[in-house]
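Observations on chain architecture
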Amino acid sequence: MSQTGTILVVDDEPEIVTLLKFILEKDGHRILEACNGMVALERLGVEPPSPEAPKPDLIILDIMMPVMDGYTLNSRLQKEAKTKTIPILVLTAKGQKMRDLFEMAPNVAAYVQKPFDPKTLRELIASILAAKR
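Quick summary incoming for the structure in this document. (Residues numbered from 1 in each chain as written. Predicted model: local features only at pLDDT ≥ 70, side-chain atom pairs only at ≥ 80, totals over all residues. Heavy atoms only, no water.)

Scanning the protein chain for helices and strands turns up five helices and five strands. Mapped from its N terminus to its C terminus, the protein chain presents α and β elements in the order β-α-β-α-β-α-β-α-β-α. For the protein chain, whose C-alpha radius of gyration is 13 Å, the value lies close to the compact-globule estimate of 14 Å for 133 residues. In terms of principal-axis extent, the alpha carbons of the protein chain reach across some 35 × 35 × 25 Å. In the protein chain, which comprises 133 residues, the proportion classed as buried is 47%. Pairs at least 24 residues apart make up 68% of the contacts formed inside the protein chain by residues separated by at least 6 positions. When the accessible surface of the protein chain is summed, it comes to about 6700 Å², and 55% of that surface belongs to carbon and sulfur atoms. Charged side chains of the protein chain number 17 positive and 18 negative; the gap between the two group centres comes to 4 Å. (Helix = DSSP H or I, 4+ residues; strand = E, 2+ residues; numbered from the N terminus. Rg over C-alpha atoms; globule rule 2.2 N^0.38 Å. Buried < 20%, exposed > 50% of the residue type's maximum accessible area, 1.4 Å probe, protein only. Contact = heavy atoms within 4.5 Å. Areas by Shrake-Rupley, 256 points an atom, 1.4 Å probe, with all protein chains shown as cover. Lys, Arg positive; Asp, Glu negative; His and termini not counted. Charge placed at Lys NZ, Arg CZ, Asp CG, Glu CD.)

In regular strands, side chains alternate between the two faces of the sheet. Burial along strand β3 (residues 58-61) is two-sided: Leu-58 and Ile-60 and Ile-59 and Leu-61, pointing in opposite directions, are all buried. Of the pairings in the sheet, the one linking strand β1 (residues 6-10) to β3 comprises four bridges and is parallel in character. Across the sheet, the residue bridging to Val-9 is Ile-60, located in β3. Alignment of β3 against strand β4 (residues 88-92), held across three bridges, turns out to be parallel. Considered in β4, the bridge of Ile-59 is made with Ile-88. (Pairing = 2+ DSSP bridges.)

The subject of this paragraph is the side chain of Asn-36. Among the secondary structure elements, Asn-36 is positioned in the loop between β2 (30-34) and α2 (37-43). Among all residues touching Asn-36, those that are not within four sequence positions of it are Val-10, Met-65, Pro-66, Val-67 and Met-68.

As a further point, take unusual backbone geometry. Of the consecutive residues Glu-47 and Pro-48, the connecting peptide bond is found in the cis state with omega at -5°. Here Pro-48 shows up in the loop between α2 and β3. The residue Val-67 is not glycine, and still its phi comes out positive at about 70°. Secondary-structure assignment places Val-67 in the loop between β3 and α3 (70-78).

This part covers the packing of helix α1 (residues 14-25) against helix α5 (residues 118-132). The N-to-C vectors of α1 and α5 enclose an angle of 65°; their axes lie 11 Å apart at closest approach. Helix-helix and strand crossings are classified by hand; for α1 and α5 the assignment is right-handed. Residues Leu-20, Ile-23 and Leu-24 of α1 form the contact with α5, whose own contacting residues are Pro-118, Leu-121, Arg-122 and Ile-125. When its residues are assigned to classes, the contact of α1 with α5 shows six nonpolar, no polar and one charged. (Axes fitted to C-alpha atoms, helices over the stretch in contact; angles between N-to-C directions. Left-handed = near helix turned anticlockwise from the far one by under 90°. Nonpolar A, V, L, I, M, F, W, Y, C, P; charged D, E, K, R; others polar.)

Any link to function would need more than the numbers given here.
Right, here's the structure in full:
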């Protein structure tokens with residue numbers, strides 16, 4: 001697990017965010033958090049625009065969230081020069097229909113269904129970050 005980076009976790013379930021932080025910080029990753037798509041746009045400096053906002057190496061994105069869902073957020077990210085190249089790992093309890101929607105998106109690097117195996121998730125994240133470098 002030599003590839004580390006900054007990862008934005010966008011999920012409305014605090015226990016999932018806590019679990020991901022616990023797993024990924026052990027591998028040396030810096031974790032940023034957002035509880036829905038609107039908060040993610042703020043953290044990324046998209047809305048409102050902020051050039052000083054950090055640009056994560058990876059976004060772990062839930063689909064079903066209040067305020068702005070993951071699909072809407074990802075569509076918005078693809079329209080922004082700053083965020084369109086950030087790889088997305090979709091992490092969701094939703095099935096094949098949602099997966100099909102996301103597989104058409106060029107920035108989606110992987111799709112993981114909840115519940116997930118932490119070891120497999122860590123390996124997948126390491127390979128996405130390694131491929132990005």
